Amino acid sequence: MAERILGKTVATVSLSLALASVTVKSSGCCSIPACRNTFSSCGFHLSSNIMSSSNGAKENSHKAARTSPYPGSKVQRSQVPNEKVGWFVEWQDYNPVEYTAVSVLAGPRWADPQISESNFSPKFNEKDGHVERKSRNGLYEIENGRPRNPAGRTGLVGRGLLGRWGPNHAADPIITRWKRDTSGNKITHPVSGKNILQFVAIKRKDCGEWAIPGGMVDPGEKIGATLKREFGEEALNSLQKSSAEKRELEEQLHKLFSQEHLVIYKGYVDDPRNTDNAWMETEAVNYHDETGEIMDNLTLEAGDDAGKVKWVDISDQLQLYASHSQFIKLVAEKRDAHWSEDSETECRGL
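The rules behind the values
Residues numbered from 1 in each chain as written. Predicted model: local features only at pLDDT ≥ 70, side-chain atom pairs only at ≥ 80, totals over all residues. Heavy atoms only, no water. Helix = DSSP H or I, 4+ residues; strand = E, 2+ residues; numbered from the N terminus. Buried < 20%, exposed > 50% of the residue type's maximum accessible area, 1.4 Å probe, protein only. Contact = heavy atoms within 4.5 Å. Areas by Shrake-Rupley, 256 points an atom, 1.4 Å probe, with all protein chains shown as cover. Salt bridge = Lys/Arg side-chain N within 4 Å of Asp/Glu carboxyl O. Pairing = 2+ DSSP bridges. Core = buried A, V, L, I, M, F, W, Y, C linked by side-chain atoms within 4.5 Å. Phe/Tyr/Trp six-rings, centres within 6.5 Å; stacked < 30°, edge-to-face > 60°.

- In the annotation of an unreviewed UniProt entry, the protein chain is listed under the name ADP-ribose pyrophosphatase, mitochondrial and assigned to Zalophus californianus.

Structure representation (C-alpha cells):
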C-alpha cells in the first residue's frame, strides 16, 4: 500500500498507547478504485512502552525499529543500545546510516521529494494540503529541517521504504462475527464459558504470516474510506471484480462499515521500516457483524497482496504477525469474548 506524512516544530511528545480508549462512530461511504499503488502493512509492531524516557528505552520497546538489515535491503543500521535510544540521552558520537530506497527516490505519487529539493517546503505537525503530517501522538521535533522520530533513535536516517517524512499513516480493519453452530446458535468455549469470536485474517504474500488486512491512508482520504477500501481489496479481491460486481460489493460493504464500531488503537507503532526521520502510525478499528447476515452475503477471496483469506477463531493460541495479536486480544476483551483458557490471563488483560 502507498505511503504518507511529516511535520514541524517544538516539543518532544510523550507517546502513550490509547489501547483502552474506545471510540464509537460511523464511517462514510467510498467507491473502490480500480487501481492503486499498494504497500504492505505487514510490518506493524506494537509495543506497550513505545516512548523512551530520558534514561533510555526499556529492553522490550523500540526493538523492530532497530533491526538489521533494513527490510528489502542489505543496509545495516548503526547499533543503538537500549540506554541510548532516548533523544534526551546525550550521544555526541551517534553516527546513523543514511538510506532511502530507490523506489522512494524515484518519486512515486505516494512519496515526498527529498528535503533538500528547493521546491519542497512541507508543513510539519499540521495538515499540509491533502497530506496529513500531524502525528496521532502529538507534536514531534524538527531538527536540521527533518522530523525526528518521537520514540527515539533507530540507527538510520532518511526514509528507508517509507514515502513520507515524519508519520506515515495506515489503517487496519478488524472484521468480526460470532462463531455459530449449524442451527445458528453462538458457540461458547467449554473452559472459559464465553462466546467464541471470529475475525477475517489474511496471509500476506510478502511475509507469509497471518495478519489483519490493512494498508496506507491515501492523501485526503478519510480513515473510514481507507478501512473499507483495504478490506475490499485484500479480503474480497475487489480490484478484480466487474463493474456490476463492484456495485453489489459496495452496497454490502456500506452496510458493514456504516454501523457503529470500536477504535481499538491509534498511534505510533514500532516497525522495522521506521527511521530517525520517518515512522509508521496506524488506526485499528473493529467492525462487528452481530448477526452474521452481512458477511454471509460476502464471499471471502484473497486479493491485492494477500495470498489467502479466511475466518479465524480468536484465542490466545493465534500466531499472528507482530502487534496484530495484541489488537485482536483487545477486540476480544471489548466484546467480552473468549480469549484464553487461563482465567487469570482473562482478568489481567494486556
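## Focus: the overall build of the protein chain
Here comes step 1: Secondary structure summary: the protein chain contains six helices and 14 strands in total.
Here comes step 2: The 350 residues of the protein chain split such that 55% are buried.
Here comes step 3: Sequence-distant contacts in the protein chain: of pairs separated by 6 or more residues, those separated by 24 or more amount to 76%.
Here comes step 4: Of the roughly 15,200 Å² of accessible surface on the protein chain, 46% is carried by carbon and sulfur atoms.

## Examining the pattern of salt bridges
Here comes step 1: Going through the model one piece at a time under the given rule, you end up with 17 salt bridges.
Here comes step 2: We note a salt bridge from R148 to E143, for which the minimum N-O separation is 2.8 Å.
Here comes step 3: Here R148 falls in the buried class, since its relative accessible area comes to 14%.
Here comes step 4: A salt bridge links E250 to K228; its shortest N-O distance comes to 3.1 Å. Note that E250 is positioned in helix α3 (residues 243-257) and K228 in helix α2 (residues 223-235), a separation of 22 residues in sequence. By the burial criterion, E250 is buried, and K228 matches it.

## Quick notes on helix α5 (residues 324-334)
Here comes step 1: The complete set of buried residues in α5 reads H324, F327, I328, K329, L330, V331 and A332.
Here comes step 2: Following α5 by one or two positions, D336 has its phi on the positive side, about 55°.

## A short note on the pairing of strand β8 (residues 166-178)
In the case of a regular strand, side chains alternate between the two sheet surfaces.
Here comes step 1: Most of β8 sits inside the fold, with 13 of its 13 residues counted as buried.
Here comes step 2: Inspection of the sheet shows β8 paired to strand β13 (residues 278-289) by twelve bridges, in the parallel sense. Within β13, the position partnered with T176 by the bridge is H288.
Here comes step 3: In the sheet, β8 pairs with strand β11 (residues 215-216) via two bridges, with the strands oriented antiparallel. When the bridges of β11 are listed, A171 appears paired with G215.
Here comes step 4: Two elements, β8 and strand β9 (residues 197-204), share three bridges in a ladder whose sense is antiparallel. Across the sheet, residue R177 finds its bridge partner in β9, namely Q198.

## Section: the nonpolar core
Here comes step 1: Within the largest apolar cluster, 28 residues are counted, with the highest numbers of intra-cluster contacts made by I174, F199, I314 and I328.
Here comes step 2: Those elements that place two or more of their residues in this core are β8, β9, β12 (261-268), β13 and α5.
Here comes step 3: If you tally residues by element for this core, the top one is α5, at five residues.
Here comes step 4: For I174, the contacting residues outside a window of four places in its chain are F199, I212, A284, V285, N286, Y287, F327, I328 and V331.
Here comes step 5: Membership of the second largest hydrophobic core comes to 23 residues, among which are I202, V217, L249 and L256.

## A word on the packing of aromatic side chains
In this description, an aromatic ring pair is defined by two values, namely the gap between the centres and the angle between the planes.
Here comes step 1: Scanning all chains against the criterion turns up seven aromatic pairs.
Here comes step 2: Centre to centre, the rings of Y70 and Y99 are 5.5 Å apart; their planes meet at 65°, and the pair counts as edge-to-face. Taken together, the residues Y70 in the loop between β1 (24-25) and β2 (97-100) and Y99 in strand β2 connect sequence positions 29 residues apart.
Here comes step 3: Overall, Y70 belongs to the buried group, its relative accessible area being 0%.
Here comes step 4: Ring geometry for Y265 and F327: centres 5.6 Å apart, planes at 25°, overall stacked. Taken together, the residues Y265 in strand β12 and F327 in helix α5 connect sequence positions 62 residues apart.

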